[in-house]
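# Observations on chain architecture
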Amino acid sequence: MATRALKRTRVESWKEKKNEKKASAKKAAAKAQAPPVEEQIMDEKDLTDAYEPLSRIIPISKNKLTPYRAVIIMRLIVLGLFFHYRITNPVYSAFGLWMTSVICEIWFGFSWILDQFPKWCPINRETYVDRLIARYGDGDDSGLAPVDFFVSTVDPLKEPPLITANTVLSILAVDYPVEKISCYVSDDGSAMLTFESLAETAEFARKWVPFCKKYAIEPRTPEFYFSQKIDYLKDKIHPSFVKERRAMKRDYEEYKVRINALVAKAQKTPEEGWIMQDGTPWPGNNPRDHPGMIQVFLGETGARDFDGNELPRLVYVSREKRPGYQHHKKAGAMNALVRVSAVLTNAPYILNLDCDHYVNNSKAVREAMCFMMDPTVGRDVCYVQFPQRFDGIDRSDRYANRNVVFFDVNMKGLDGIQGPVYVGTGCCFFRQALYGYGPPSLPALPKSSICSWCCCCCPKKKVERSEREINRDSRREDLESAIFNLREIDNYDEYERSMLISQMSFEKTFGLSSVFIESTLMENGGVPESANPSTLIKEAIHVISCGYEEKTEWGKEIGWIYGSVTEDILTGFKMHCRGWRSIYCMPVRPAFKGSAPINLSDRLHQVLRWALGSVEIFLSRHCPLWYGYGGGRLKWLQRLSYINTIVYPFTSLPLIAYCCLPAICLLTGKFIIPTLSNAATIWFLGLFMSIILTSVLELRWSGIGIEDWWRNEQFWVIGGVSAHLFAVFQGILKMIAGLDTNFTVTAKATDDTEFGELYVFKWTTVLIPPTTILVLNLVGVVAGFSDALNSGYESWGPLFGKVFFAMWVIMHLYPFLKGLMGRQNRTPTIVVLWSVLLASVFSLLWVKIDPFVGGTEPVNGTNCNTVIC
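Parameters and conventions
The written sequence of each chain sets the order in which its residues are numbered from 1. Since the coordinates come from a predicted model, pLDDT governs what is reported: local features require at least 70, and pairs of side-chain atoms require 80 or more to be given and counted, while whole-chain, interface and lining totals use all residues. Each side-chain value is derived from all of the structure's non-hydrogen atoms; neither hydrogens nor water enter the calculation. UniProt positions are given in the numbering used here, feature names are shortened, and annotations may be inferred rather than shown by experiment. Strands here mean DSSP runs of E at least two residues long; helices mean DSSP runs of H or I at least four residues long; both are numbered from the N terminus. Only protein chains enter the accessibility calculation, which uses a 1.4 Å probe; a residue whose area is less than 20% of its type maximum is buried, one above 50% is exposed, and one in between is partly exposed. By the convention used here, residues are in contact when the closest approach between their heavy atoms is within 4.5 Å. Only the protein chains shown count as cover for residues, with accessible areas throughout obtained via the Shrake-Rupley method and a probe of 1.4 Å. Here a strand pair is declared whenever DSSP counts at least two bridges between the two strands. Only the stretch in contact is used when a helix axis is fitted, and all axes are lines through C-alpha atoms; the angle between N-to-C directions ranges over 0 to 180 degrees. Aromatic contacts are taken between Phe, Tyr and Trp rings whose centres are within 6.5 Å, Trp giving its six-membered ring; a plane angle under 30 degrees counts as stacked, one over 60 as edge-to-face, and the others as tilted. A ring is considered to have a charge above it if a Lys NZ or an Arg CZ atom is located within 6 Å of its centre and within 35 degrees of its normal. Among buried residues, those of type Ala, Val, Leu, Ile, Met, Phe, Trp, Tyr and Cys that are joined through side-chain atoms within 4.5 Å constitute a nonpolar core. A side-chain nitrogen of Lys or Arg and a carboxyl oxygen of Asp or Glu constitute a salt bridge if their distance falls within 4 Å. Just so you know how the angles are binned, under 35 degrees is roughly parallel, over 145 roughly antiparallel, 65 to 115 roughly perpendicular, and the rest oblique. Should the near helix be turned anticlockwise from the far one by less than a right angle, the crossing is left-handed, and should it be turned clockwise, the crossing is right-handed. Polar here means any residue other than Ala, Val, Leu, Ile, Met, Phe, Trp, Tyr, Cys and Pro, which are nonpolar, and Asp, Glu, Lys and Arg, which are charged; Gly is therefore polar. Excluding any residue in a salt bridge, patches collect residues exceeding 30% relative accessible area, merging like charges within 9 Å and nonpolar Val, Leu, Ile, Met, Phe, Trp and Tyr side chains within 5 Å. Only four residue types enter the tally: Lys and Arg on the positive side, Asp and Glu on the negative side, with His and both chain ends excluded. In this description, the location of a charge corresponds to atom NZ of lysine, CZ of arginine, CG of aspartate or CD of glutamate. By convention, orient the strands away from the viewer: a clockwise path from the first strand over the helix to the second makes the crossover right-handed. What a helix should span is 1.5 Å times the count of its residues minus one.

As annotated in an unreviewed UniProt entry, the protein carries the name cellulose synthase (UDP-forming) and is attributed to Panicum virgatum. Recorded in UniProt for the protein, the comment headed Catalytic activity (unreviewed entry) runs: "[(1->4)-beta-D-glucosyl](n) + UDP-alpha-D-glucose = [(1->4)-beta-D-glucosyl](n+1) + UDP + H(+)".

All right, on to the overall build of the protein then. Summing up its helical and strand segments, the protein has 30 helices and 13 strands in all. Within the span of the protein, comprising 869 residues, buried residues form 53% of the whole. A separation of at least 24 residues holds for 81% of the contacts in the protein among residues at least 6 apart in sequence. Surface accessibility of the protein: about 40600 Å² in total, with carbon and sulfur atoms responsible for 59%.

Let us look at the sheet that holds strand β3 (residues 147–153). Across the sheet, which stays open at both edges, the 8 strands sit in the order β5-β6-β4-β3-β7-β11-β9-β12 with mixed pairing between neighbours. Where the open sheet ends on each side, the last strands, each with one partner, are β5 (293–298) and β12 (581–584). Put simply, the sheet's adjacent strands are angled 20° from each other on average, direction ignored. In the sheet, β5 pairs with strand β6 (residues 313–318) via 5 bridges, with the strands oriented antiparallel. Considered in β6, the bridge of Val296 is made with Val315. The strands that helix α19 (residues 567–577) touches are β9 (381–385), β11 (427–430) and β12; relative to β9, the one it contacts most, it runs at about 140°.

A few words on the packing of aromatic side chains. All chains considered together, the criterion is met by 46 aromatic pairs. Centre to centre, the rings of Tyr349 and Phe430 are 5.7 Å apart; their planes meet at 40°, and the pair counts as tilted. Taken together, the positions of Tyr349 in strand β7 (residues 349–354) and Phe430 in strand β11 put the pair 81 residues apart, joining distant regions of the chain. One exposure class covers both Tyr349 and Phe430, and it is buried. Here the aromatic cluster, defined as three or more aromatic residues joined through ring pairs, consists of Phe204, Trp208, Phe211, Tyr215, Tyr225, Phe226, Phe241, Tyr252 and Tyr255. Sitting over the ring of Trp554, Arg339 keeps its end group 4.8 Å from the ring centre.

On to the sheet that holds strand β10 (residues 389–390), then. With respect to topology, 3 strands assemble into an open sheet ordered β8-β13-β10, the strand pairing being mixed. The sheet terminates laterally at β8 (358–359) and β10, the two strands that pair on one side only. Two elements, β10 and strand β13 (residues 592–594), share 2 bridges in a ladder whose sense is parallel. If you follow Phe390 over to β13, its bridge partner there is Gly594.

Using the residue numbers shown here, the UniProt feature "active site" (unreviewed entry) corresponds to Asp188 and Asp568. By the secondary structure assignment, Asp188 is in the loop between β4 (181–187) and α7 (192–215). Filtering out sequence-adjacent residues up to four positions away, Asp188 remains in contact with Thr153, Val154, Arg319, Lys321, Lys329 and Ala333. Its location among the elements puts Asp568 in helix α19.

As recorded in UniProt, the sites labelled "binding site: UDP-alpha-D-glucose" (unreviewed entry) are Ser152, Lys158, Glu159, Asp188 and Lys329. Residue position: Ser152 is located in strand β3. Once residues lying within four places of it in the same chain are set aside, the contact partners of Ser152 are Ser186, Lys330, Met334, Leu353, Asp354 and Cys355. By the secondary structure assignment, Glu159 is in the loop between β3 and α6 (161–172).

Ranked by size, the top nonpolar core spans 158 residues in total, and within it Trp208, Leu314 and Met369 carry the most contacts. Residue contributions to this core peak at 12 residues, all from α7. When residues no more than four places from it in sequence are discounted, the contact partners of Leu314 are Val168, Leu172, Cys183, Val185, Leu198, Ala202, Gln295, Val296, Phe297 and Leu298. Of all hydrophobic cores here, the second largest spans 43 residues; its members include Ala94, Ile656, Ala663 and Cys665.

This part covers the pattern of salt bridges. Per the stated rule, a full pass over the model turns up 30 salt bridges. Across the pair Arg125 and Asp415 runs a salt bridge whose closest N-O atoms are separated by 2.8 Å. Of the two residues, Arg125 is situated in strand β2 (residues 123–127) and Asp415 in helix α12 (residues 404–415); the sequence distance between them amounts to 290 residues. As far as the burial class goes, Arg125 and Asp415 line up, both buried. Note that Asp354 and Lys330 form a salt bridge whose closest N and O atoms lie 2.9 Å from each other. Here Asp354 is found in strand β7, whereas its partner Lys330 is found in helix α10 (residues 329–344), with 24 residues between them in sequence. On the basis of relative accessible area, Lys330 is assigned to the partly exposed category, the value being 22%. Bridged by salt links that share partners, the residues Asp138, Asp175, Lys363 and Arg366 form one connected network.

For Asn352, the position within the fold is in strand β7. Ignoring any residue separated from it by four or fewer positions in sequence, one finds Asn352 in contact with Phe150, Met334, Tyr422, Gly424, Thr425, Gly426, Cys427, Phe429 and Trp560.

What follows concerns the packing of helix α3 (residues 62–88) against helix α23 (residues 678–702). Packing of α3 against α23 leaves a shortest axis separation of 8 Å and a crossing angle of 150°. Our classification of the angle between α3 and α23 gives roughly antiparallel. Viewed along their axes, α3 and α23 form a crossing whose handedness is left-handed. Split into classes, the residues belonging to the contact of α3 with α23 amount to 17 nonpolar, 4 polar and 5 charged.

It is worth spelling out a negative patch on the surface at this point. A contiguous patch of negative charge, built from Asp140, Asp141, Glu179 and Glu300, is present on the exposed surface. Position of Glu179 relative to the elements: it lies in the loop between α6 and β4. In this structure Glu179 comes out as partly exposed when scored by relative accessible area, which is 32%.

Attention now moves to a nonpolar patch on the surface. Among the surface-exposed residues, Met74, Met689, Ile692, Leu693 and Val696 lie close enough to one another that they form a single nonpolar patch of about 430 Å² accessible area. With 4 residues, α23 is the largest single contributor of residues to the nonpolar patch. By secondary structure assignment, the location of Val696 is in helix α23.

In terms of burial, β4 is largely enclosed, as 7 of its 7 residues are buried. The alternating pattern of β4 places Ile181, Cys183, Val185 and Asp187 and Ser182, Tyr184 and Ser186 on opposite faces, both of which are buried. Sheet topology places β3 next to β4; 7 bridges connect them, and they run parallel. Note that in β4 the partner of Thr153 across the bridge is Asp187. Following the backbone out of β3, through α6 and into the adjacent parallel β4, one traces a crossover that is right-handed. Here 5 bridges tie β4 to β6, and the two strands are oriented parallel to one another. Directly across from Val185, in β6, lies its bridge partner Tyr316.

With that settled, the discussion passes to the environment of Ile646. With respect to the element layout, Ile646 can be found in helix α21 (residues 636–647). Here Ile646 falls in the buried class, since its relative accessible area comes to 1%. On a C-alpha basis, the gap between Ile646 and Leu625 in space is 9.4 Å, while along the polypeptide they are 21 residues apart. Beyond its immediate chain neighbours, meaning those up to four positions away, Ile646 contacts Ser614, Ile617, Phe618, Cys623 and Pro624.

Turning next to α10. Here α10 spans 23 Å end to end across 16 residues, near enough to the 22 Å set by a 1.5 Å rise per residue. Burial of α10 is extensive: 14 of the 16 residues sit out of reach of the surface. Positive phi shows up at Asn346, right after α10, with a value of about 55°.

What follows concerns the environment of Gly511. Position of Gly511 relative to the elements: it lies in the loop between α16 (494–510) and α17 (514–520). According to the relative accessible area criterion, Gly511 is buried, its value standing at 1%.

Next comes the structure, spelled out in structure tokens:
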């Protein structure tokens, strides 16, 4: 027994040793196959990043924000006490002047409230592109969502094809999977020049795109890349870079010559119209009467780049136009692109750019996806708006073209409420939000509410719906079997009739295209499986026909909204009313850059167009004062912001009156303020101090410079007394008499000299009011000093207050005066004649009639009016 036990013990010991050897061998093999410790750490980091938020909010420091809010409240209190003093202390010797000034000041106080309080909760945001890559991958098998780019152009002679081509090239070269990118170019002028230049651009892209991706070029637009004055060898380590860059620059110059040749050829239209290379007439010879045109240049079936890789899809689109149909300008063109892209690619996200706004940051799309594809953030986001940045602005930014105060102050404030307003370019949309759907986290709005539309709330369905996903799933199942013949409705049973009603309600909303209707139900995008690839182009032509939108909800509840020349504000407003929120994204490297009109006349006409759009919204049913209360989804601070957006042009009326008051006071010898008591002095000083402190603290938390702030203040006055005034009258005339205003496209800069466009002067009637105000105040200052010299020492004290008031006006209009003088300091004769004539007549009338004051007391035996004369 003992022997057997010992043997058993030895066997067990041997087995244990054998098992230990096997275990150690397995450990050694596992250790040999295991990656290094650094790689394990990296894998763990990537796994951690995949579950981390893709963005975060960076709140403004309390040390900056708390004093700012305290000063706002203090200013509001002081403003109330100031108005109490002004109203209870009239100036009876100049009652009309006093009354005018008080009315103007009350309006300025109201407009300040509308502008100030939406900036109550400013925030900053930060994105994590590396986490986006860790979560969704990067490459052919990436899980990143597809994006459709929209580029719109009208007149290639005013919007040079080379500018549009550079925008397209920057889009095709973005740092994003190529199969996920499509670029649609809308040619609303049906110009063969645009078509041919796009064909040349597609060919050049075969060289440019691989070059950009190989060497990580920034920016990826050749015109600005080759012209930037930086060390282009910095961080470049590839030995062949210099050689390839030199060859690419030569190729680009040859490409520019070919484009310039096309432009030169297009300067004179042949009598028989343009002829294509195959000898057939160009279908768009008549820009007001032509069929729809679509041409796919690049993509899956198109040409590949010179390295054999696939290129993003590039599609030329010119919608059909016929006499007698409303085309709704840019908004109509954008809606046509929405439908074409839905039929051909149907990406869940849309990023629109003006033809002169190129991609400056190749990772801009990834920045937007950090919000859109984050399940914790993007669920209720309708769009991500990027700030507009510009090239070619003069160093002093004379006419506030950069608009820094709006983009770096106002938009940050809105981002802390419900999101920034849509400004027309550099914006990434969630396609479903454009279709009129509400955010998924909120219940569907009833038909009586602001975003009612037939296919959601058809009373014949008798089905209760509360969530958007439930609605879409059920409607899609119904729609797949709801393709019936309307003429055979009597032969259908009750269930089939209910399916037919569902189809009819969709058609009333989206139009008569089953392929497009099915695409609207696909939240994650993609072409419908039921679609026949061979007929997609035919279907795309159908959805851009001129009569497609008739008796549908396009432009009313879905897509870009019609009714204003500033369709961007109206479109964003409708989305916010449905409960969506928007995001403001400010990457360190600006996402997009564009050009802006830097000469005085073009800048004022640009502002005139924006202001007219605001007046049109104010006079429409979409006015934020009374629209959008049904669902209760527009936050009240967001509503204040939209009210300020559509009310600001009307500030021109009190502003013009207020800017004329100093001259009138100097010419009449009267003033709008009585002799100040000690208490009144405190209120005046408190008001001035609160205004200064508010501005200083705003500069502190926003990080903008005092020069940018001052330029913004100056141009607020310049635009207010010129373009905004004309916009108010044009908007009212359009409403009363139906007089429509046709705006021409602003010509892009073509002067080869640095800032040469700054000194270009173009005559326009918008220049007359501010010039008149300038002359009036200068005449008033001269007349005031002349009167003081003749009246004695006692009159110098009151004179300084009046002169200070007049100099305030002149200093604000000083950039306008420089613009009038131009490069040679010469002003067109017609401007001088009209301004001097109006100023003289106005001054003489005031001196002669003097309606605001009674008889003038003689000073030292001499009448004041006599002295002025």
